[in-house]
Amino acid sequence: MKKLISLLVVFLVIFSFVGCASKESKEEIVIPTTVEGRNANIGYIPVTSASQIYGKWETVVVQEFSELDTGIPGGIIIEAPYSLEIPVEYDGKICGVYNLSCDYTEFIDKMVELSVANGQEMSPDMLWESMILAQPMYEYTSERPYIMYVKEYMEITDNTADYEGMYIKEDGSQLKISDGISVEFIFDKVN
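Reference entry: report on the structure contained in this document. (Residues numbered from 1 in each chain as written. Predicted model: local features only at pLDDT ≥ 70, side-chain atom pairs only at ≥ 80, totals over all residues. Heavy atoms only, no water.)

This brings us to the overall build of the protein chain. A tally of helices and strands in the protein chain yields five helices and ten strands. Across the 191 residues that make up the protein chain, the buried fraction comes to 39%. Of the contacts made within the protein chain by residues no fewer than 6 positions apart, 65% connect residues no fewer than 24 positions apart. By element, 53% of the accessible surface of the protein chain is carried by carbon and sulfur atoms, the whole surface being about 10,700 Å². (Helix = DSSP H or I, 4+ residues; strand = E, 2+ residues; numbered from the N terminus. Buried < 20%, exposed > 50% of the residue type's maximum accessible area, 1.4 Å probe, protein only. Contact = heavy atoms within 4.5 Å. Areas by Shrake-Rupley, 256 points an atom, 1.4 Å probe, with all protein chains shown as cover.)

Dropping the structure here:
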C-alpha cells in the first residue's frame with residue numbers, strides 16, 4: 001500500500017495527456033490554495049487500516065486527448081475501468097490489487113486515419129506494436145480490440161502511513177484516493 005500515491009502518479013504518466021480523473025470527479029471543483037484546504041474531505045474520514053476498505057471498489061478513469069495533443073480533430077475521450085480489491089492473496093502475502101483496462105481501439109483507428117491523411121503509411125497493428133514497445137511492462141491484446149491491462153499488487157500492512165491520501169465516505173459507499181493537489185480517484189464500493 002505504501003506505493004499507492006506513486007502508483008497513481010504512474011497512471012498519470014501513462015495517461016500523460018490533457019486529463020485523467022475518475023468519472024465521478026468530473027464535476028467542476030475549485031482547488032483550495034492551501035494544503036489544509038486541499039486535504040479537507042467533507043463527508044469522508046481518513047483510512048487508517050485495510051479492514052476499513054475490504055471489498056471491491058470501481059471507478060472509470062477518463063482520458064482526454066485534445067486536438068492539440070494528438071492532431072485528431074475534436075480530440076478523443078477514452079473511459080477506462082479501474083478497480084481496487086482488498087484483500088487478495090498474491091505470492092503468499094495478503095495484498096490489495098489494482099486493475100485497469102484501457103481500450104485504445106478507437107484512438108488507434110483515428111491516429112492511423114490521421115497519419116494516412118497526412119501521407120504516412122501506417123496500419124493499426126504497426127501503431128499498436130509501437131505503443132507496446134514504449135511500455136512493455138504491461139499486458140496487451142495481440143490484435144483488435146487494442147486493450148492495455150495494468151495490474152499492480154501491493155502488500156497490506158498495519159502501518160497507518162501506508163493509507164495516507166485515502167479517505168472513505170462516512171457511509172462506506174465511496175473511497176477517495178488523492179495526493180491532495182491534482183490526483184484524485186473516487187471509487188464506488190461494489191461488494
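That covers the picture; the talk isn't over yet.
Orientation of helix 4 (residues 105-117) relative to helix 5 (residues 124-134), taken along the N-to-C sense of each, is 115 degrees, at an axis distance of 9 Å. The two elements helix 4 and helix 5 cross, and the hand of that crossing is right-handed. On the side of helix 4, the interface is formed by Phe107, Ile108, Asp109, Met111 and Val112, while helix 5 contributes Pro124, Leu127, Trp128 and Met131. (Axes fitted to C-alpha atoms, helices over the stretch in contact; angles between N-to-C directions. Left-handed = near helix turned anticlockwise from the far one by under 90°.)

Here we take up the pattern of salt bridges. Summed over all chains, the structure comprises three salt bridges. As a salt-bridge pair, arginine 144 and aspartate 109 come within 2.6 Å of each other at their nearest N and O atoms. Separated by 35 residues along the polypeptide, arginine 144 in the loop between strand 6 (139-140) and strand 7 (147-155) and aspartate 109 in helix 4 bring together distant segments of the chain. Taking relative accessible area as the criterion, arginine 144 reaches 45% and is therefore assigned partly exposed. (Salt bridge = Lys/Arg side-chain N within 4 Å of Asp/Glu carboxyl O.)

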